[in-house]
Every structure is written in structure tokens, then in C-alpha cells.
There are 2 protein chains.
Amino acid sequence: MNYFSSDFKLGILGGGQLGKMLLAETRKFDIQTFVLDQSPEAPAQYGCNQFFEGSLMHFETVYRFGKMVDLLTIEIENVNLEALLKLEEEGLPIYPSPKTLHQIQNKGRQKDFYADNDIPTSNFKRFVSLKSLQESIKNDELDFPFVWKCAQFGYDGTGVKICRSALDLVKLPDVECIAEDRIPFKNELAVIVARSVSGEVKTYPVVEMEFHPEANQVEYVICPARIDEKVAQKAQEIALKVSESFNHIGLLAVEMFQTENDEILVNEVAPRPHNSGHYSIEASYTSQFENHLRAILDLPLGNTASKVAGIMVNLVGEDGFYGPVVYENIEKIMAIDGVTPHIYGKRETRPFRKMGHVTIVNENMVEARKVAEEVKNSIRVVSV
Amino acid sequence: MNYFSSDFKLGILGGGQLGKMLLAETRKFDIQTFVLDQSPEAPAQYGCNQFFEGSLMHFETVYRFGKMVDLLTIEIENVNLEALLKLEEEGLPIYPSPKTLHQIQNKGRQKDFYADNDIPTSNFKRFVSLKSLQESIKNDELDFPFVWKCAQFGYDGTGVKICRSALDLVKLPDVECIAEDRIPFKNELAVIVARSVSGEVKTYPVVEMEFHPEANQVEYVICPARIDEKVAQKAQEIALKVSESFNHIGLLAVEMFQTENDEILVNEVAPRPHNSGHYSIEASYTSQFENHLRAILDLPLGNTASKVAGIMVNLVGEDGFYGPVVYENIEKIMAIDGVTPHIYGKRETRPFRKMGHVTIVNENMVEARKVAEEVKNSIRVVSV
């Protein structure tokens, strides 16, 4: 198949920052792209060949979009699966497959999948509703504390709550959900696996999420993780097993806990480029976005090793600021060697909205970590 | 000035591959861009915020384009200077300045500039026409061999001819020209200098053009150049001097000869991102395109050092092939670690047309050079 400067068209469902960064690679290879997103301000409306405004959850919209392209991929999981299943039936290649998306979209099904495939994960119980979860507590079948997760459409921290007592249940929505054991972990790790149509597989190095010591928030994504080589190897093996069990095509980001006694438990997966792989644009021989593209087009996978140490800092809107965004002190951080801001292109900031990220690279990890802290303490996402 | 996700608009004159690669950086920073190019198939029509089709040499077109933007830059020298001068007079910042473009556009004026500013360059004579050059030969004021260069609008080898006898003059156009001494050189080198509005200056490492042993064609651009440290230092000092003498803002690519006795002579300059800096996308901490943007926006310049050794191979159309392009064996080279093709997005190939380039990076230069040869011997730009 000739993808380069040809009539071949790749369709991308979703036009957020992941789509935008994926487009940087399609432009590099001059591969034609169509993008569908419901927002007229979608970051990925620039850099594609054609942008379509429409709902990703609407059967007709997704189906008709799919009929215009030669291959379909996603940058967000929440898409209309019925449309994808029909398109696939009619012969359109879709990576990741609708079947995998179906398994992953629902966190209960995702957990069942791990259990069925001998993939280590925390203990959990599924509930059709909050009511049935409350029943379960009443009947002493579920004990506090536990982690409540809504089964579907959670995103970036919404849809997750640590429940210590009945009080914590009061404001939860009455939706399908799971209750998980709370895992006291040493580290939160992630491994991105690239797997191509013909089954070539490569894993990126294990990355580590470093949390703020007080606020329970990821501050830095650090590559490579500063962990024992044996633990890293175990994490990579498990991530590979997850990718193979799903028979996954494209990128799969596997988030894991390293427990107090160095067990690895899979937390959840994302079947696409992922926040934990953004460092790869500057630090890796081949970025996660390029490898997603290579995988779904069945091109040879690129080298996932790093040229230098990489740390990623998310740029999220400061609490209390709404409206046209200003990146305070961005000039200051750009004056530091090895610092690259990525601005996603959202005109308006809101508290905790993901507005961009900053990558810090350095030959030396200790130095990179110092610079990352300086970056974190300098830049502020506020409004005019 | 707030450039990021703001109303600020950068205008780019020219929509070729240099414009396209510059847009990758404006997208990363979410800086709004308008692009003007005469071709409806311009590679940079995607990735900008608005594309305008029109002639870069047409006063009204360039002037009206300039009135829509807040800052103007170029990706090609051959633009209407009268329009730029009027826009500058009316207060529009233009980098590089029309004055510098005026000095560089004409190779005779460029050579005079070197002479006037004590910048080492080969001996030369200026002629208003071919006729007056022939006169000069008749009067024994000019001897064979010499290098003929048309003074204006030459590009990539067209407009240059080595003249060994009167026979070589027969097919030359009757235009303003220069005759230069032919320099027997050890190496052809280049240094890219970034200089910002407020005068911050950084130079990229010296790169080396490696020629095919038989065909007189650059095969590889190699960074860093495999030359003596003292020679490299001299080349960088001279490049800096050229940039400062022009009072240049933005990138200036300075092409130089290293003579048999290690003199450095300036050959010519390009006031913009340059083919000799394409390796920087994969090999450098900050690519030439990002630094051009930083320089003209008066942001701090990024680190010009390399993470790894880089070699660039141009992808030009094979002789004898015309029409819809096919990149033969591109999958084969993509299977090699550290190999990244860049496909510019020209649908039709022609003999020797610049269609793309391939970057090879490796921690080890010897290994990179081996891979570069493998790449060069594998990929072919042909037509369907």
C-alpha cells in the first residue's frame, strides 16, 4: 500500500490534542487525513486535510465519516461503537478494533478481561448502579475503604472517588460502576506498547508518575522510571501481555501500580497515544505518535529507545481562572536549555483544564528533574 | 507580546517544504499563521490557519497579504521587495528585513557586501550582462576557468556553471551575472546562525556536505562535520560575523568552503531555514525551524547543540520519472533504527525535484554514516 503523497485517506475520530500531535506525523509523511470532532475549536482542525464537525457518539455521523476514508483510528475512546462495527463489517480496517474498544470503554468489562486473561489487577466488584453498590455495603459484601469508578465515560480523574465512609457516596451519580481495593503503591508506572497490523511489537521504556507530596496529583511523568531494573522488566512483560491479550493494534498505554512489595498490578489502559508518552516527541528516537501511525499502517515500527532523559509536566488551568488563556512566564522557561512547551490550542482556560504540556530533556536525569521543578514553579496558566 | 493561542498572526511568504516544516513549530506553540504561495498544491497549505494563493513577486498581492498579519517572515528569498519596503515603512515588523533581502537576493550585491565587510570570500567580478562578461574575456580582464553565477533568481544549482572555455558560455542566458574564482576546496561546510530581535545569538554546529565521489552532487549533510576543531571554530566565527554584519534577524545559513590550506571562504548565504539544517529536527535539542520562530518573535533562543549525530539525505526525483510519485523501498528504510523520512507533499515527481529528505540519527557517527549509505542505496523516488 502506498500511503505517501497518495490518495489514501486516514480518518481520525476525535480532534483534541492527541489528534493534533498525531497530525504532526501525518504531515511529516504527507498522509492525507480527515478528522471528526464535535467542537468547532478542536485543536486538530489545523494540519488535517479536511475537518468535519460532528458528534463522535452519533451513529449516522460516525458511519458517514467512516465511509469517506480508507482506514479509521481514534484519539479518544468514547465513540459510537455500533457505527464502527457496521463499518468494520463492510470491510473498513479500524485500529484499535471496535471489539477492543468495547472491552476497554467499560471499566467493569476491562477488569473482567484482566481477570479472564490472568493479568494481575486489584480486586474489584462490578455494580449495575450505585443503588446495587449500596445494597452490597448493607449486606456486608463490600467494605470501606474502596475506590469507586464509574464504568463508562470517565475521563482524567472525573469518575473516580476514594470512598472511606457512607458520606463519600452521597454525591456519586447513580450509574454503572465498580468498587476496587485501594492499593497502597510505591509508584504509579506506565508502559506504552506499539503493536502493528502484522504483529510487530515494541515497548517504550517504563515511565514513572511522580506525585505532588501533598496534593494527590501527578506532577511529573519521568522517563525512564527511577526504579529497579527487575521491576521495570516485570512491568514491560505485563504490558506486553495486555497488548497481546487484546490482540491490540496501534498504541496501548498500560497504567500500573508498583505495590509496596514490588508486585505489578494493571490499573487501566488507553488504546491510543497517551499523556504518559508525550515526552517521546523530544526524548525518543521515534515518538509515540509516529509509532501509532506506523503500527496502524503496518509500516515497520520505529525505535522506542530514548536519546536523552525526558520529563513531562502538564499545563493545566490554574484554579480560579476562566477565559482567554495566558501562559505566564512561558518566555522564562523557554530560556532554559532542553525545555519545549506544547500549547494545545484551546483559547479559553478553566480550572484544571489540560491546556498543554512542557517537555524537559537532558542527558542527565538529575539535572532534568531539577529543571522540571523550575518549570513547574514558573509557568502559570491564567486568563487575561 | 502574547503569541500563544492569541489573536497574533504570523505571515509566511512562501508555502514550500520550508514553510511546511516551520508550520510544525507554529502548531506546537499554537501561533496563528497565514501563508501566501502561488501554487494551489503548496505543501504548507495544510497546518496554517489560512492559506492564500497568489504570486510572491506581485506588489499588490504581497502588500495586501502583509496588511493582514502582525509580523512577516519568508521561507524563500524571491519576493516582491517594494511591497515589503512599503509595509515596513508603515510599521510592520519584517524578519529578515527587506534591506537584508535586497543585499542577498542579488549575488553580485551579496559578494560586494562580503568585500565591504572584510568577510573572506573568493575573488569575483560583476557583470551587467553576459555580453559584458564576454567583452571582459576578449580584453583579457577575465580568464578561464571561472564559476559563472546568474545574479538573481538562481536556485539549487540552476544559475551556476563552471566555465572552462568559450564553449561553456554558449548556452548561458544574457542576464546580470558574476564570475568567481574556482576554489579547490577540501570541504563544503555550513553554519546556521540564529539571531533574535533583541540580539541574542546562537550558532548550530558546523555541518559538512559530503559529495558523491563521481557525480558532483551533495549526497549527505553531516552534523557535526568531521573536521578539525580549529577549522570548525573559524567557520563558526565567520558565520557569526556574517550574521552580525547583516544585522540579521532570524536564521542565516552560511555556506562556506574549507580550502586546501584550511582557509574559510564564504560561498553564499540563505536568510531562512535551510536544507543544511534539516537534520536538526531529529538531532538537535531545538530544531532550526523552532529557533527561526523564536528569533523573529524575540523569544529566548533554544539550545542548538545535538542530542545525537545526524545525517541528512535529500530525496530527489530519479532521472527519467515524471508523474504521481512513489517512494520505492520506503518501508525498507523505515525498518532501520533512527531513520525518519520527511515527505514534502508534492504529488508529482520530476527528475531532480526535491521531494523530501531522510534523517539518520545515531549515538555513533560511524554507524550513522553506514546507515545513511544504506538509505541512499535503497530508496528511490519514481513514478507509478
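Residues numbered from 1 in each chain as written. Chains lettered and ligands numbered in written order. Predicted model: local features only at pLDDT ≥ 70, side-chain atom pairs only at ≥ 80, totals over all residues. Heavy atoms only, no water.

This paragraph deals with helix H2 (residues 59-66) of chain B. Those residues of H2(B) lying buried are Thr61(B), Val62(B), Tyr63(B), Phe65(B) and Gly66(B). Those residues of H2(B) that are buried are in contact with strand E1 (9-13), strand E2 (32-37), strand E3 (50-53), strand E4 (71-74) and helix H3 (81-89) of chain B. (Buried < 20%, exposed > 50% of the residue type's maximum accessible area, 1.4 Å probe, protein only. Helix = DSSP H or I, 4+ residues; strand = E, 2+ residues; numbered from the N terminus. Contact = heavy atoms within 4.5 Å.)

Moving on, we come to the relation of the copies chain B and chain A. Screw-axis analysis of chain B against chain A gives a translation of 0.0 Å along the axis, an RMSD of 0.0 Å, and a rotation angle of 180°. Taken together, the turn and the small shift mark the pair as related by a two-fold rotation axis. It is Gly47(B) whose C-alpha, among those of chain B, lies nearest the rotation axis, at 1.8 Å. Both copies contact each other with a shared surface, as 100% of the interface residues of chain B are interface residues in chain A too. (Least-squares fit on C-alpha atoms with pLDDT ≥ 70 in both.)

Through backbone hydrogen bonds, the strands of a sheet pair up, either in parallel or in antiparallel fashion. All names here are of chain A. Read from one edge of the open sheet, four strands run E5-E8-E6-E7, paired in antiparallel fashion. Edge positions in the sheet fall to strand E5 (124-127) and strand E7 (160-163), since each has one partner strand and no second. Adjacent strand axes in the sheet meet at a mean angle of 20°, parallel and antiparallel pairs treated alike. The pairing of strand E6 (residues 146-150) with strand E8 (residues 177-180) spans four bridges and is classified as antiparallel. Residue pairing in the sheet places Trp148 in a bridge with Ala179 of E8. Helix-sheet contacts for helix H5 (residues 107-116) involve E5, E6 and E8, and the interaxial angle to E5 is about 140°. Sheet contacts for helix H6 (residues 130-138): E5, E6 and E8; angle to E6, the most-contacted strand, approximately 160°. (Pairing = 2+ DSSP bridges. Axes fitted to C-alpha atoms, helices over the stretch in contact; angles between N-to-C directions.)

Another aspect to go through is the interface of chain B and chain A. How big an interface is tends to be expressed through the accessible area that disappears when the partners come together. Counting from both sides, the interface comprises 47 residues of chain B and, opposite them, 47 residues of chain A. When chain B packs against chain A, close to 3,900 Å² is buried across both sides, 53% of that on carbon and sulfur atoms. On the surface where chain B and chain A come into contact, there are four salt bridges. Ionic pairing is found between Lys202(A) and Asp337(B), a salt bridge with its closest N-O pair at 3.9 Å. Inspection of the region where chain B meets chain A yields 16 residue pairs in polar contact (both at pLDDT 80 or more). Elements supplying a minimum of two residues to the side of chain B that touches chain A: helix H1 (17-28), helix H9 (288-296), strand E16 (323-328), helix H10 (330-334) and strand E17 (339-343) of chain B. Looking at the side of chain B that touches chain A element by element, the count peaks at five residues for E17(B). (Buried area = accessible area lost by both parts, 1.4 Å probe. Salt bridge = Lys/Arg side-chain N within 4 Å of Asp/Glu carboxyl O. Polar contact = N/O pair within 3.5 Å; in protein donor to acceptor, adjacent residues only side chain to side chain.)

So, on to the pairing of strand E14 (residues 264-270) of chain A. All names here are of chain A. The buried fraction of E14 amounts to seven of the seven residues, a majority that puts the element mostly inside the structure. Looking at chain direction, strand E13 (residues 250-259) and E14 are connected through six bridges and run antiparallel. When the bridges of E14 are listed, Val254 appears paired with Val269. Between the end of E13 and the start of E14, which pair antiparallel, lie four residues, with Asp262 showing a positive phi angle near 60°.

Residue and element names in this part refer to chain B. At a closest axis distance of 9 Å, the pairing of H1 and H9 adopts a crossing angle of 70°. Classified by the angle their axes make, H1 and H9 are roughly perpendicular. Of the two elements, H1 crosses H9, and the hand of that crossing is right-handed. Here H1 contributes Leu18, Met21, Leu22, Glu25, Thr26 and Lys28 to the contact with H9, which in turn contributes Phe289, Glu290, His292 and Leu293. (Parallel < 35°, antiparallel > 145°, perpendicular 65-115°, else oblique. Left-handed = near helix turned anticlockwise from the far one by under 90°.)

Moving on, we come to unusual backbone geometry. In this model, Tyr95(B) is joined to Pro96(B) through a cis peptide bond whose omega is 0°. Mapped onto the elements, Pro96(B) comes out in the loop between H3 and helix H4 (98-105). With an omega dihedral of -10°, the bond running from Phe144(B) to Pro145(B) counts as a cis peptide bond. Topologically, Pro145(B) is positioned in the loop between helix H6 (130-138) and strand E6 (146-150). We note that Asn329(A) has phi near 70°; this positive angle belongs to a residue other than glycine. With respect to the element layout, Asn329(A) can be found in the loop between strand E16 (323-328) and helix H10 (330-334).

Before going further, it helps to spend a moment on the domain arrangement of chain A. The domain boundaries assigned to chain A delineate domain 1 (9-94), domain 2 (123-180) and domain 3 (185-383). The C-alpha centroid of domain 3 of chain A is placed 28 Å from the C-alpha centroid of domain 2 of chain A. (Domains from an automatic or database assignment.)

We now examine the packing of aromatic side chains. Working definition: an aromatic ring pair is given by the centre-to-centre distance plus the angle between the planes. Residue and element names in this part refer to chain A. Applying the stated criterion to the full structure yields 21 aromatic pairs over all chains. With centroids separated by 6.4 Å and ring planes inclined at 75°, the aromatic side chains of Phe113 and Tyr114 adopt a geometry described as edge-to-face. We note that Phe113, like Tyr114, is buried. Following the ring pairs from residue to residue traces out a cluster consisting of Phe34, Phe52 and Phe65. (Phe/Tyr/Trp six-rings, centres within 6.5 Å; stacked < 30°, edge-to-face > 60°.)

Moving on, we get to the pattern of salt bridges. In the structure shown here, the tally under the stated rule is 48 salt bridges over all chains. A salt bridge links Arg272(A) to Glu77(A); the nearest nitrogen and oxygen atoms lie 2.6 Å apart. Taken together, the residues span a long stretch of sequence, with Arg272(A) in the loop between E14 and helix H8 (280-283) and Glu77(A) in the loop between strand E4 (71-74) and helix H3 (81-89) at a distance of 195 residues. Residue classification places Arg272(A) among the buried residues on the basis of a relative accessible area of 10%. A relative accessible area of 15% means that Glu77(A) is categorised as buried. Between Glu268(B) and Lys149(B) there is a salt bridge whose closest N-O contact spans 3.7 Å. Taken together, the residues span a long stretch of sequence, with Glu268(B) in strand E14 (residues 264-270) and Lys149(B) in strand E6 at a distance of 119 residues.

It is worth spelling out the UniProt feature "binding site: ATP" (unreviewed entry) in chain A at this point. All names here are of chain A. Per the UniProt record, the feature "binding site: ATP" (unreviewed entry) sits at Lys107, Lys149, Glu180, Asp181, Arg182, Ile183, Glu188, Asn267 and Glu268. Here Glu188 shows up in strand E9 (residues 185-195). For Glu188, the contacting residues outside a window of four places in its chain are Val207, Glu208, Met209, Phe211, Glu255, Met256, Phe257 and Asn267. The exposure class assigned to Asn267 is buried, which follows from its relative accessible area of 10%. The residues contacting Asn267, other than those within four sequence positions of it, are Gln110, Tyr114, Lys149, Glu180, Glu188, Glu255, Met256 and Phe257. A distance of 2.9 Å separates the side chain of Asn267 from the side chain of Lys149, its partner in a polar contact. (UniProt positions renumbered as here; feature names shortened; annotations may be inferred.)

All names here are of chain B. With antiparallel pairing, four strands are arranged side by side in an open sheet as E5-E8-E6-E7. Each of the sheet's edge strands pairs with one partner strand only, and the pair in question is strand E5 (124-127) and strand E7 (160-163). Pairwise comparison of adjacent strand axes, ignoring direction, gives a mean angle of 20° for this sheet. Along the sheet, H6 makes contact with E5, E6 and strand E8 (177-180), crossing E6 at roughly 160°.

Residue and element names in this part refer to chain B. Across the eight residues that make up strand E15 (residues 309-316), a large majority, seven, are buried. Judged from the three bridges that link them, strand E12 (residues 218-223) and E15 form a sheet pairing that is antiparallel. In the sheet register, Cys223 faces E15, and the bridge partner there is Gly310. In the sheet, E15 pairs with strand E19 (residues 354-362) via eight bridges, with the strands oriented antiparallel. Counted as the bridge partner of Asn314 is His357 from E19.

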